[in-house]
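# Survey of secondary and tertiary structure
Each chain, letter by letter, is given below.
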Amino acid sequence: MTHPILIELPTPILTPRLILRPPMAGDGKAVHEATVESMTELKLWMRFAREESSVEKAEVNARIALSKFILREDLRMLFFDRNTGSLIGSTGLHHCNWDYRTFMIGYWVRTSCAGKGYVTEAAHALTRYAFDELKATRVEIRCNASNLKSRGIPERLGFELEAILKNEDTLAHPEITCRDHAYYARTSIEGLPALDVSWPSVMV
């Protein structure tokens with residue numbers, strides 16, 4: 001098998017409204033601003049949003065994420081408005097198993113951009129990227145079973161609900177009474193809705 005660090009990954013990923021790319025040096029300020037704006041919503045589901053935030057910490061996190069992307073350990077991406085260049089949210093392919101080509105999509109969106117279909121579009125693009133470019137055999141999306149907004153993403157994209165694992169969610173805020181995790185998965189792009197998505201041959 002080719003060592004994962006030698007696998008070339010073309011970026012950015014382009015959709016009608018979005019640009020998805022790995023974090024870069026200098027992204028910390030925008031990520032910090034989006035996180036602070038969205039703290040009330042994010043802290044319910046994301047542990048990082050319950051920690052003290054600063055531009056410096058966000059910048060360190062962005063650079064670590066880029067290093068992990070280069071090492072192919074974790075493929076975090078930020079997604080931006082294609083017209084304005086403003087940061088909308090974060091997504092990526094996580095839990096990368098390069099032997100079996102399995103990945104998990106994660107995501108969050110800033111509050112001012114919620115409810116506009118951006119996360120669905122980003123997750124859709126990553127699903128196609130995983131199967132078409134990375135030759136994935138399985139792509140998962142996991143979320144708290146009570147997080148209906150998050151669960152709507154894989155359901156709109158035709159992911160199959162494979163299981164609900166009881167008391168498995170250790171990341172949700174203590175005030176969330178449901179600790180169950182919903183596991184959705186796809187093993188191909190068969191039946192996936194159409195999307196105009198492309199990625200150039202700029203390798204990272």
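First things first, this report covers the structure right here in the doc.

### Examining the overall build of the protein chain
For the protein chain, the count of helices and strands is five helices and eight strands. Along its sequence from the N terminus, the protein chain presents helices and strands in the succession β-β-α-α-α-β-β-β-α-β-α-β-β. Against the compact-globule benchmark of 17 Å for 204 residues, the protein chain has a radius of gyration of 16 Å, which places it among compact chains. When the backbone C-alpha atoms are referred to their principal axes, the protein chain occupies close to 45 × 40 × 30 Å. Across the 204 residues that make up the protein chain, the buried fraction comes to 49%. At a minimum sequence separation of 6, the contacts of the protein chain that also span at least 24 residues come to 67%. In the protein chain, which carries 25 positive and 26 negative side-chain charges, the distance between the mean positions of the two groups comes to 2 Å.

### Some remarks on the sheet that holds strand β8 (residues 181–186)
Ordered in space as β1-β2-β3-β4-β5-β6-β8-β7, the eight strands form an open sheet in which the pairing is mixed. In the strand order of this sheet, the two ends are held by β1 (13–14) and β7 (160–165), each with one partner. Contacts from helix α1 (residues 28–37) reach β3 (75–81), β4 (87–97) and β5 (102–109), with the element oriented near 100° to β4.

### Some remarks on the pattern of salt bridges
Tallied over the full model, the rule gives nine salt bridges. Between glutamate 140 and arginine 138 there is a salt bridge, and its shortest N-O distance comes to 2.9 Å. Linking arginine 142 and glutamate 140 is a salt bridge whose minimum nitrogen-to-oxygen distance equals 2.8 Å. Relative accessible area serves as the criterion here: at 28%, arginine 142 is assigned to the partly exposed category.

### Points about a nonpolar patch on the surface
Together, Ile5, Leu6 and Leu71 give the surface a local cluster of nonpolar side chains, amounting to about 270 Å² of exposed area. Looking at where leucine 71 falls in the secondary structure, it is placed in helix α3 (residues 55–71).

### A word on the pairing of β3
The buried fraction of β3 amounts to seven of the seven residues, a majority that puts the element mostly inside the structure. Pairing between β3 and β4: six bridges, direction antiparallel. Each residue of the ladder has a partner; that of leucine 78, found in β4, is serine 90. What sits between β3 and β4 in their antiparallel hairpin is a turn of five residues, with glycine 85 showing a positive phi close to 80°.

### Here we look at the pairing of β8
Burial runs high along β8: six of the six residues are buried. Of the two faces of β8, both are covered, the one formed by His181, Tyr183 and Ala185 as well as the one formed by Ala182, Tyr184 and Arg186. The pairing of strand β6 (residues 138–144) with β8 spans six bridges and is antiparallel. From the neighbouring strand, glutamate 140 faces β8, where its bridge partner is alanine 185. Sheet analysis places β7 next to β8, joined by five bridges and oriented antiparallel.

### Examining the packing of aromatic side chains
Within the structure shown, the criterion is met by three aromatic pairs. Seen in terms of ring centroids, phenylalanine 48 and tryptophan 108 are 5.9 Å apart; in terms of plane orientation they differ by 45°. Their pairing is tilted. Note that phenylalanine 48 is positioned in the loop between α2 (39–42) and α3 and tryptophan 108 in strand β5, a separation of 60 residues in sequence. Given a relative accessible area of 9%, tryptophan 108 falls into the buried group. Between tryptophan 98 and phenylalanine 103, the aromatic rings sit 5.2 Å apart at their centres with planes inclined by 75°, giving edge-to-face as the arrangement.

### Some thoughts on α1
Listed in full, the buried residues belonging to α1 are Gly28, Val31, His32, Ala34 and Thr35. Buried residues of α1 fall within an arc of 165° about the axis and therefore sit on the same side. Turning to α1, the residues buried within the fold contact α2, α3, β3, β4 and β5.

What counts and what doesn't
Residues numbered from 1 in each chain as written. Predicted model: local features only at pLDDT ≥ 70, side-chain atom pairs only at ≥ 80, totals over all residues. Heavy atoms only, no water. Helix = DSSP H or I, 4+ residues; strand = E, 2+ residues; numbered from the N terminus. Rg over C-alpha atoms; globule rule 2.2 N^0.38 Å. Buried < 20%, exposed > 50% of the residue type's maximum accessible area, 1.4 Å probe, protein only. Contact = heavy atoms within 4.5 Å. Lys, Arg positive; Asp, Glu negative; His and termini not counted. Charge placed at Lys NZ, Arg CZ, Asp CG, Glu CD. Pairing = 2+ DSSP bridges. Axes fitted to C-alpha atoms, helices over the stretch in contact; angles between N-to-C directions. Salt bridge = Lys/Arg side-chain N within 4 Å of Asp/Glu carboxyl O. Patch = residues over 30% accessible without salt bridge, like charges linked within 9 Å, V, L, I, M, F, W, Y side chains within 5 Å. Areas by Shrake-Rupley, 256 points an atom, 1.4 Å probe, with all protein chains shown as cover. Phe/Tyr/Trp six-rings, centres within 6.5 Å; stacked < 30°, edge-to-face > 60°. Arc of directions from axis to C-beta.

Function cannot be inferred from these measures alone, as they are strictly geometric.
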